[in-house]
Amino acid sequence: MYSVMVNPGKITKAVSRYIYGHFIEHLGRCIYGGIYEEGSPLSDERGFRKDVMEAVKELKVPILRWPGGNFASNYHWEDGIGPKDQRPARFDLAWRSVETNRFGTDEYIEYCREIGAEPYICVNLGTGTLDEALRWLEYCNGEENTYYVNLRRKYGHMEPYGVKFWGIGNEMYGEWQVNHMNADEYAKIAKEYAKWMKVLDPSIKTVAVGCDDPEWNLRVLDVSGPHIDYISYHFYTGSEDYYETVSTVYLLKERLLGLKKLIDMSRVSQKRQIKIALDEWNVWYRVAEEGLEEPYELKDGLFACGVLITLQKMSDIVPIANLAQLVNALGAIHTESDGLYLTPVYKAFELLANHSGQNLVETHIETETYDIDGRMFFTKTPFELRDVPYIDASATVSVDGKKLYLAVVNYKKEDAVKVSITIKGMGEKIARAYVLSGPDVHARNSMDHPNVVDIVCEQIKVGSQFTHTFKPFSCTVIEIER
Ligand code: AHR
């Protein structure tokens, strides 16, 4: 009934490391009071929260998107450079709050450098201009003797930042976006931005805005396709119901495959390979919470595990993904003035980003399934999913082939699941099994109880053929030295 067959010798594709990416936005307490808190005894002399930085470093974040999100569509980057006390405070239309601009481009780049993440900047297509985007790129990446390059040097940054990834606006299709547009307008503007930004720096990669509307996506692909490298997709899901939450891993998968089909249908597909950047995704349905501080539960962490396992298997189509978001606002990490705790969504990354290899190997899964009729929180659109798997798995190996990682998520809430596992050519060994779970699907961590949902490591016997019982509502990585 339940079986997993792995062939570690047969590499099927490389796993893009950027699928484990994150996103920080000037929203609520994500930046201020999250990763950056001047004057806090927990911060360093630059204002970076040291405890947050340590937790972030644990995840080895490969790519960090900034400054929004909706915020990007009314952000003027020049407000955020130079002496901090001279930077103007501005009213942010997106989240209706005051932006002090004390965390800007230089602080963001410094943060990326410190945590080892590739920066990914989203430019302002709402109240901004092409000129402003070009100046930002020049400030970051320029090497010539020009005004904005010299400004960066004047502020103490002699070497170019080499920002490779540039988002051409954020969710420009939506009424909630400052100066939103129709598909024709956006496609034309995105083309101009991507084209001229690449003239200034041909090494950059550009990400155009995609969405659930196939007409929008096709228009964007057809018109701006020659100048873009990725089309973005955003996915927010979840509800109080366990299966309605975790099953949407497969709704997301369907949507990504649908977008891939459109890419293949577009005119540009003959000439260039455009990929998908899932540059915002998470559980988000408790809108009433202040500053979007969702109190994540184990079920939300298992959804995240499912997404990461799915992305490991389709990272040739979706090589970039960014959890929205890293701290406090829809945050994987929750801070208070005197410390922090890690949510089940963080734990999903800790498990799968830290215990996985760079190459995907052949895997076959047999599982029981279920059907579900649910409703998407945001659009209120009903969804129907048939034959949703109770277990899912991916197997990856390290570059040198010496380590095998078998990740298995057991979504089944009611029972543990006994799985017959075959690993071709594997001798008998003791392996480590890292198990993410908790007392029930609604379990949460908190300041007082930070480890209710946690990863425990146990030793298990493995071989070419063995059975393993996976706990209900859990995700396990079996790590084997070969
Ligand atoms: O992540 C929160 C918000 O969700 C982002 O600002 C926006 O892009 C999306 O609608």
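Computed from a prediction, not measured in an experiment: that's the story for all the values here.

Peer 1: Before we move on, can you summarise the pairing of strand E13 (residues 339-342) with the specific residues and values?
Peer 2: Note: strand E12 (residues 333-336) against E13, four bridges, orientation antiparallel. Residue pairing for E13: His334 is matched across the bridge by Tyr341. Counting the residues between successive antiparallel strands, the hairpin from E12 to E13 contains two residues.

Peer 1: Go over the side chain of Asp300, please, and point to the residues and values.
Peer 2: Its location among the elements puts Asp300 in helix H9 (residues 298-314). Classification of Asp300 as buried rests on a relative accessible area of 0%. Within the structure, the side chain of Asp300 is placed 3.4 Å from the side chain of Arg286, a separation counted as a polar contact. Engagement of the side chain of Asp300 in a polar contact is seen with the side chain of Lys299, the distance being 2.8 Å. When sequence neighbours within four positions are dropped, the list of residues in contact with Asp300 reads Thr245, Val283, Arg286, Pro295 and Val345.

Peer 1: Quick rundown of the sheet that holds strand E3 (residues 63-66)? Include the residues and the values.
Peer 2: In space, the eight strands of this closed barrel follow the order E2-E3-E6-E7-E8-E9-E10-E11, with parallel pairing throughout. Put simply, the sheet's adjacent strands are angled 25° from each other on average, direction ignored. The pairing of strand E6 (residues 118-122) with strand E7 (residues 165-167) spans three bridges and is classified as parallel. Considered in E7, the bridge of Cys122 is made with Gly167. In this fold helix H8 (residues 248-265) packs onto strand E9 (230-237) and strand E10 (275-283), with an angle of close to 160° to the strand it touches most, E9.

Peer 1: Hey, could you go over the nonpolar core for me, with residue numbers and the actual values?
Peer 2: Counting residues in each nonpolar core, the largest one holds 161 residues, and the members touching the most others are Leu64, Trp166, Tyr186, Met197, Leu278, Trp281 and Ile478. When residues of this core are assigned to their parent elements, the largest contribution, 10 residues, is made by H9. Two domains each donate at least three residues to this core, and these are domain 1 (3-10 + 361-481) and domain 2 (16-356). Residues within four places of Tyr186 in sequence aside, it is in contact with Leu125, Ile168, Met172, Met181, Ala208, Val209, Trp216 and Val220. Within the second largest apolar cluster, eight residues are counted, among which are Tyr120, Phe165, Tyr230 and Ala277.

Peer 1: So what's going on with the environment of Ile19? Residues and values would help.
Peer 2: Within the secondary structure, Ile19 sits in the loop between strand E1 (3-14) and strand E2 (21-23). Residues Ile19 and Leu308 lie 289 residues apart in sequence; the distance between their C-alpha atoms is 7.5 Å. Apart from residues no more than four positions distant in its own chain, Ile19 is found in contact with Leu308, Leu311, Gln312, Ser315, Val318, Pro319 and Ala321.

Peer 1: Lay out the side chain of Asp392 in plain terms, naming residues and giving numbers.
Peer 2: Inspection of the secondary structure puts Asp392 in strand E17 (residues 391-397). Assessed through its relative accessible area of 7%, Asp392 is described here as buried. There is a polar contact of 2.7 Å between the side chain of Asp392 and the side chain of Tyr250. When sequence neighbours within four positions are dropped, the list of residues in contact with Asp392 reads Tyr250, Ile309, Thr310, Lys313, Ile365, Ala407, Val408, Val409 and Tyr411.

Peer 1: Give me the pattern of salt bridges: which residues, what numbers.
Peer 2: Under the definition given, this model contains 40 salt bridges. The salt bridge involving Arg29 is made with Glu293; its shortest N-O contact spans 2.8 Å. In this pair, Arg29 sits in the loop between E2 and helix H1 (50-58) while Glu293 sits in the loop between E10 and H9, placing the two residues 264 residues apart along the sequence. Glu293 sits in the buried class, given a relative accessible area of 16%. One salt bridge in this structure joins Asp131 and Arg135, with 3.0 Å as the shortest N-O distance. Of this pair, Asp131 and Arg135 both sit in helix H3 (residues 130-141), four residues apart, which is roughly one turn of the helix.

Cut-off values and rules
- Residues numbered from 1 in each chain as written.
- Predicted model: local features only at pLDDT ≥ 70, side-chain atom pairs only at ≥ 80, totals over all residues.
- Heavy atoms only, no water.
- Pairing = 2+ DSSP bridges.
- Helix = DSSP H or I, 4+ residues; strand = E, 2+ residues; numbered from the N terminus.
- Buried < 20%, exposed > 50% of the residue type's maximum accessible area, 1.4 Å probe, protein only.
- Polar contact = N/O pair within 3.5 Å; in protein donor to acceptor, adjacent residues only side chain to side chain.
- Contact = heavy atoms within 4.5 Å.
- Axes fitted to C-alpha atoms, helices over the stretch in contact; angles between N-to-C directions.
- Core = buried A, V, L, I, M, F, W, Y, C linked by side-chain atoms within 4.5 Å.
- Domains from an automatic or database assignment.
- Salt bridge = Lys/Arg side-chain N within 4 Å of Asp/Glu carboxyl O.

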